[in-house]
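Here is what each chain is made of, one letter per residue.
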Amino acid sequence: MKTLKEAKIGETVKVVKLHGEGPVKRRMMDMGITKGTEIYVRKVAPLGDPIEVTVRGYELSLRKADAGMIEAE
């Protein structure tokens, strides 16, 4: 399995599992990132951090550390 951090620009991935615990996992779930959700990778900042994605019809920026906690296929 790969993580969202490894996804390429223009790729759509499906969330398989959220890693992390406590407030971090809760915050991702509050943003709409749950198991089975499709995430489209829009762009990556020039230095590689953060990643801009589209989740459930809205744009969202994620740090690479947080994107590494999202297991995707």
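My aim in this report is to walk through the structure given alongside it, one point at a time. Nothing here was measured: the structure is a model prediction, and the numbers come from that model.

**Things to note about unusual backbone geometry**
Then comes step 1: Its identity as a non-glycine residue notwithstanding, R56 has a phi of 50°, on the positive side.
Then comes step 2: Note on placement: R56 falls in the loop between β4 (51–55) and β5 (58–62).

**Regarding the pattern of salt bridges**
Then comes step 1: Counted under the stated rule, the structure contains six salt bridges.
Then comes step 2: Salt-bridge contacts for E59 lead to R42; the nearest nitrogen and oxygen are separated by 3.7 Å. One end of the pair, E59, is in strand β5; the other, R42, is in strand β3 (residues 38–44), and 17 residues separate them in sequence.
Then comes step 3: Classification of E59 by relative accessible area gives partly exposed; the value is 46%.
Then comes step 4: One salt bridge connects R63 with D66, and the closest N-O pair in it is separated by 3.2 Å.
Then comes step 5: Classification of D66 as buried rests on a relative accessible area of 4%.

**Quick notes on the environment of E21**
Then comes step 1: Relative to the assigned elements, E21 resides in the loop between β2 (12–18) and α1 (23–30).
Then comes step 2: Taking C-alpha positions, E21 is 21 Å from E38, a pair spaced 17 residues apart along the chain.

What counts and how
- Residues numbered from 1 in each chain as written.
- Predicted model: local features only at pLDDT ≥ 70, side-chain atom pairs only at ≥ 80, totals over all residues.
- Heavy atoms only, no water.
- Helix = DSSP H or I, 4+ residues; strand = E, 2+ residues; numbered from the N terminus.
- Salt bridge = Lys/Arg side-chain N within 4 Å of Asp/Glu carboxyl O.
- Buried < 20%, exposed > 50% of the residue type's maximum accessible area, 1.4 Å probe, protein only.

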